[in-house]
Amino acid sequence: MSKPSRKLSQPNITAWLNKKPRGSPSAATTNTPEPDPVVIKPPEIRELQGGTGTLTYYPRYFTKEQADRYLEYLEENLEWKRYPIKMFGKVVQQPRTIAYIGDKQYTYSGLTLGPTAWDPVVKEIANSLEDTLELPRDYFNFVLCNRYTSGAEYMGYHSDNESSLGERPIIASTSFGQARPFFFQHKLDKSLKIEYHLEHGSTLVMSGLTQKYWKHALPKRPSALYQTRINLTFRKVFH
Ligand SMILES: O=C(O)CCC(=O)C(=O)O
Ligand SMILES: [Fe+2]
């Protein structure tokens, strides 16, 4: 992957992005709202032990206002479903709901998804990420979307190391809604652990050999005061 540029290209503002948030007073009765003070924070780049991968975290890839609108849009417009998957040889229900979009078929944990038509807003986010990461237009051809409606919903330790993604996949993971911890553990030296707190509107890019040497997980959390979290992982499926 080329070096991430610090100047982010923000996605086109579509019609829905311009619409007023639900329940907000009309412009005639209010002053213009304060602009979001922090627009973009520079990425934090972490080279993992002994060349075992790279993690690049953009804590504020989207402004709070943009992220609020994306969260609402994705919740309403994607087709969220719970699928049975194979885990350690047993068929179980996924402990979260998922949706997907992509030009290709993608198979993981015994589940084959796609292809489907692109949602225009998800495409807009994909193109923004491609610009930021200096990747060719339409590089990302599959998006796996995960939705967690309570702290009891989670994703166990795994790596996205299907051969269809190639040996050094670039996976861009954008999060909306409830901030949650996200753990990495080295496969050979289990004492090596990394923790992120994935914020509303953030993007974490996993690249290099990350999937080969590290597992990652979104652990359960206590469910009190819980807001929905939606995560989109943008991938390139080669075959
Ligand atoms: O929800 C998350 O942040 C985890 C997503 C993930 O690891 C995946 O889709 O493979
Ligand atoms: Fe993953």
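Just so it is clear, the structure is predicted and the values come from calculations on it, not from any experiment.

Asker: Report on helix α2 (residues 64-77), specifying residues and quantitative values.
Answerer: Between the first and last C-alpha of α2 there are 20 Å, a value that for 14 residues agrees with the 20 Å anticipated at 1.5 Å per step. Buried within α2 we find Gln-66, Ala-67, Arg-69, Tyr-70, Leu-71, Glu-72, Tyr-73 and Leu-74.

Asker: Any details on the coordination of the iron ion (ligand 2)? Residues and values, ideally.
Answerer: The textbook angles at a metal center are 109.5 degrees for a tetrahedron of four donors and 90 or 180 degrees for an octahedron of six. Looking at the iron ion (ligand 2), the protein donor atoms are His-158 (NE2), Asp-160 (OD) and His-216 (NE2), and they sit 2.1 to 2.2 Å from it. For the iron ion (ligand 2), all donor residues lie on one chain, and their spacing in sequence is H-x1-D-x55-H. Using a relative accessible area of 6% as the deciding quantity, one classes Asp-160 as buried.

Asker: Please give an account of the sheet that holds strand β12 (residues 193-198) that cites residues and values.
Answerer: Strands sit in the order β9-β14-β11-β12 across an open sheet of four strands; the sheet is antiparallel. Each edge of the sheet is formed by a strand with only one pairing partner; in this case those strands are β9 (155-158) and β12. Recorded for the sheet is a direction-independent mean angle of 15° between the axes of neighbouring strands. Note: strand β11 (residues 180-186) against strand β14 (residues 214-218), four bridges, orientation antiparallel. Bridging across to β14, Phe-183 finds its partner in Ala-217.

Asker: Give a description of the pairing of strand β15 (residues 229-235) that names residues and reports values.
Answerer: Most of β15 is tucked away: seven of the seven residues are buried. Neither face of β15 is open: one carries Arg-229, Asn-231, Thr-233 and Arg-235, the other Ile-230, Leu-232 and Phe-234, and all of them are buried. In this sheet, β15 lies alongside strand β8 (residues 142-148) in antiparallel orientation, the contact comprising seven bridges. Directly across from Phe-142, in β15, lies its bridge partner Arg-235. Relative to β15, strand β10 (residues 171-177) is paired through six bridges, and the arrangement is antiparallel. In the sheet register, Ser-175 faces β15, and the bridge partner there is Asn-231.

Asker: Quick one: what's the story with the site of ligand 1, residue by residue and with numbers?
Answerer: Surrounding ligand 1, one finds Leu-144, Asn-146, Tyr-148, Met-155, His-158, Asp-160, Phe-182, His-216, Arg-229, Asn-231, Thr-233 and Arg-235. Between ligand 1 and the protein, one listed contact pairs an oxygen atom with a side-chain N or O atom of His-158 at 3.1 Å. One of the side-chain N or O atoms of Arg-229 is found 2.8 Å from an oxygen atom in ligand 1. A total of 300 Å² of accessible area belongs to ligand 1 in isolation, and the protein chains cover 99% of it.

Asker: Can you lay out the environment of Gly-53 for me, pointing to particular residues and giving the numbers?
Answerer: Considering the arrangement of structural elements, one finds Gly-53 in the loop between β1 (44-47) and β2 (54-58). With a relative accessible area of 6%, Gly-53 lands in the buried category. Spatially, the C-alpha atoms of Gly-53 and Arg-168 are 8.6 Å apart, while their sequence positions differ by 115 residues. Setting aside chain neighbours within four positions, we find Gly-53 in contact with Arg-46, Glu-47, Leu-48, Ser-207, Gly-208, Leu-209 and Thr-210.

Asker: Lay out the pattern of salt bridges in plain terms, naming residues and giving numbers.
Answerer: Once their charged atoms are close, side chains differing in charge can pair, the charge on each being opposite to the other. As enumerated under the stated definition, the model contains eight salt bridges in all. Residues Lys-64 and Asp-68 are paired through a salt bridge, measuring 2.8 Å at the closest nitrogen-oxygen approach. Taken as a pair, Lys-64 and Asp-68 lie in helix α2 at a separation of four residues, close to a single helical turn. Take Lys-64: its relative accessible area is 45%, and that puts it in the partly exposed class. A relative accessible area of 32% places Asp-68 in the partly exposed class. Here Arg-235 ties to Asp-160 by a salt bridge, and the two come within 3.3 Å at their closest N and O atoms. In this pair, Arg-235 is assigned in strand β15 and Asp-160 in the loop between β9 and β10, connecting sequence segments 75 residues apart.

Asker: An account of a nonpolar patch on the surface is needed here, citing residue identities and associated values.
Answerer: A cluster of nonpolar side chains, namely Met-87, Phe-88 and Val-92, defines an oily patch on the protein surface of about 330 Å² accessible area. By the element assignment, Phe-88 lies in the loop between β3 (84-87) and β4 (90-93).

Asker: Please give an account of the packing of aromatic side chains that cites residues and values.
Answerer: Taken as a whole and assessed by the stated rule, the structure comprises 13 aromatic pairs. Through pairs of rings, three or more aromatic residues link up here, namely Tyr-58, Tyr-61, Phe-62, Tyr-70 and Phe-176. Positioned over the ring face of Trp-118 is Lys-123, at 4.0 Å from the centre of the ring. Lying over the aromatic face of Tyr-139, Lys-236 brings its terminal NZ or CZ to 5.0 Å of the ring centre.

Reading the values: rules and limits
Residues numbered from 1 in each chain as written. Chains lettered and ligands numbered in written order. Predicted model: local features only at pLDDT ≥ 70, side-chain atom pairs only at ≥ 80, totals over all residues. Heavy atoms only, no water. Helix = DSSP H or I, 4+ residues; strand = E, 2+ residues; numbered from the N terminus. Expected span 1.5 Å × (residues − 1). Buried < 20%, exposed > 50% of the residue type's maximum accessible area, 1.4 Å probe, protein only. Donors = N, O, S within 2.8 Å, 3.2 Å for Na, K, Ca; no water. Pairing = 2+ DSSP bridges. Axes fitted to C-alpha atoms, helices over the stretch in contact; angles between N-to-C directions. Near = heavy atom within 4 Å. Polar contact = N/O pair within 3.5 Å; in protein donor to acceptor, adjacent residues only side chain to side chain. Areas by Shrake-Rupley, 256 points an atom, 1.4 Å probe, with all protein chains shown as cover. Contact = heavy atoms within 4.5 Å. Salt bridge = Lys/Arg side-chain N within 4 Å of Asp/Glu carboxyl O. Patch = residues over 30% accessible without salt bridge, like charges linked within 9 Å, V, L, I, M, F, W, Y side chains within 5 Å. Phe/Tyr/Trp six-rings, centres within 6.5 Å; stacked < 30°, edge-to-face > 60°. Lys NZ or Arg CZ within 6 Å of the ring centre and 35° of its normal.

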